[in-house]
Amino acid sequence: MSVEKKRVLVLDATVAYSGYDPFMVSEEQYTTSKIMSEIKKNSKLAIAVNLGVVKIRDPSENVVREIIEMVKNHCEEPNLSDADISVLALAYEFSKEGANALIISDDYSLQNMAKILGLKISRYGRPFIRHILYRVKICEKCKRKYSPDYPGKTCEICGGRILSKVVKRVKVYEKSSQGN
Ligand SMILES: [Zn+2]
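Because the structure is a prediction, the values reported are computed rather than measured.

Cut-off values and rules
- Residues numbered from 1 in each chain as written.
- Predicted model: local features only at pLDDT ≥ 70, side-chain atom pairs only at ≥ 80, totals over all residues.
- Helix = DSSP H or I, 4+ residues; strand = E, 2+ residues; numbered from the N terminus.
- Contact = placed C-beta atoms within 7 Å.
- Axes fitted to C-alpha atoms, helices over the stretch in contact; angles between N-to-C directions.
- Parallel < 35°, antiparallel > 145°, perpendicular 65-115°, else oblique.
- Left-handed = near helix turned anticlockwise from the far one by under 90°.
- Nonpolar A, V, L, I, M, F, W, Y, C, P; charged D, E, K, R; others polar.
- Pairing = 2+ DSSP bridges.
- Buried ≥ 20, exposed ≤ 12 C-beta atoms within 10 Å, placed from the backbone.
- pLDDT = per-residue confidence, 0-100.

Comments concerning the overall build of the protein
Secondary structure summary: the protein contains 5 helices and 8 strands in total. Helices (α) and strands (β) of the protein occur, in sequence order from the N terminus, as β-β-α-α-β-α-α-β-α-β-β-β-β. The contacts in the protein between residues at least 6 apart in sequence include a share of 60% that link residues at least 24 apart.

As C-alpha cells, then:
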C-alpha cells in the first residue's frame, strides 16, 4: 500500500500567524472560506490566497455533517469553531478522494480532534526539513580561517593545507520535496 498519493495541505487559521510560510511550500495548499473570514487581510495566508499560492475550497455539506457527527461521537464539548470543522472536513474529503491530506495547525483542540478522527496533522507544516551546513575554510597547520569561497588550496601564511569545516547547521524547509 505504498502507492504515491497526491499530497495536499489543508491550512488552518493559526497558519496565518505562525512561522509557516506558504510561499516556501511546493505541495498544493488549500484553506476554506470560513478560515478566510477569520484571518486578517494582510496576514501571510490571506496574501498567499490572493496570489493563488493557496486555494480556497469548501468541503461539501454532506462531509461537514459527517464530521460534526464524528466529532459529537468522540467528544462531549468539542472546543471547535465552524472554521475548525471546515478544516477537518476538507482534509477528510481529500482523504476520501484518495489524496494524502495533511492539516497544518497550531491549534491544540484541532490537533486533538484530527488525531481522533485519524487525520494527519502537523504543527510545522513541513516534515521535509533538511539542514544547510555552513562551512569555513581553515588552515590545517596554523588554524587561520578563510572564507568559504577562498579559492586557494594552501594557506597564504604558512603554506599548510586548507580544510573545509562545518561551523553551523541550520534547519530549512525544502522548497521542493515531491518526486518529479
Ligand atoms: Zn596556515
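Additional details are given in the paragraphs that follow.
A few points about the packing of helix H3 (residues 61-74) against helix H4 (residues 82-96)
Axis separation between H3 and H4 bottoms out at 9 Å; the angle between their running directions is 110°. Between H3 and H4, the interaxial angle falls into the category roughly perpendicular. Of the two elements, H3 crosses H4, and the hand of that crossing is right-handed. Where H3 abuts H4, its residues Val-63, Val-64, Ile-67 and Ile-68 lie against Ile-85, Ser-86, Leu-88, Ala-89, Tyr-92 and Glu-93. Tallied by class, residues from the contact of H3 with H4 come to 8 nonpolar, 1 polar and 1 charged.

Details of the sheet that holds strand S5 (residues 120-122)
Strand order in the open sheet formed by 5 strands is S3-S2-S1-S4-S5, with parallel pairing between adjacent strands. At either margin of the open sheet sits one strand with a lone partner, and together these are strand S3 (54-56) and S5. For this sheet the average axis-to-axis angle between neighbouring strands, irrespective of direction, equals 35°. As defined by bridge partners, strand S1 (residues 7-11) adjoins strand S4 (residues 100-104) across 5 bridges and the pair is classed as parallel. By the bridge assignment for S4, Arg-7 is matched with Asn-100.

So, the environment of Arg-7
Note on placement: Arg-7 falls in strand S1. On the basis of neighbour count, Arg-7 is assigned to the partly exposed category, with 16 C-beta atoms found within 10 Å. Sequence separation of Arg-7 and Glu-27 is 20 residues, and the distance between their C-alpha atoms is 6.5 Å.

Observations concerning the pairing of strand S2 (residues 28-31)
Note that S1 and S2 share 3 bridges and pair parallel. For Val-10, the partnering residue across the bridge sits in S2 and is Tyr-30. Pairing geometry for S2 and S3, over 3 bridges, is parallel. Along S3, the bridge assignment pairs Tyr-30 with Lys-55.

As for the confidence of the model for the protein
With 83% of its residues at a pLDDT of 70 or more, the protein has an overall mean of 84. At the low end of the mean pLDDT range in the protein sits strand S6 (residues 129-139), at 70; at the high end sits S3, at 97. Predicted confidence for residues 125-129 stays below pLDDT 50, and this span has 11 contacts to residues more than four positions away or in other chains. Scored below 50 in pLDDT, residues 174-180 shows 11 contacts in the model against residues more than four places distant or in partner chains.

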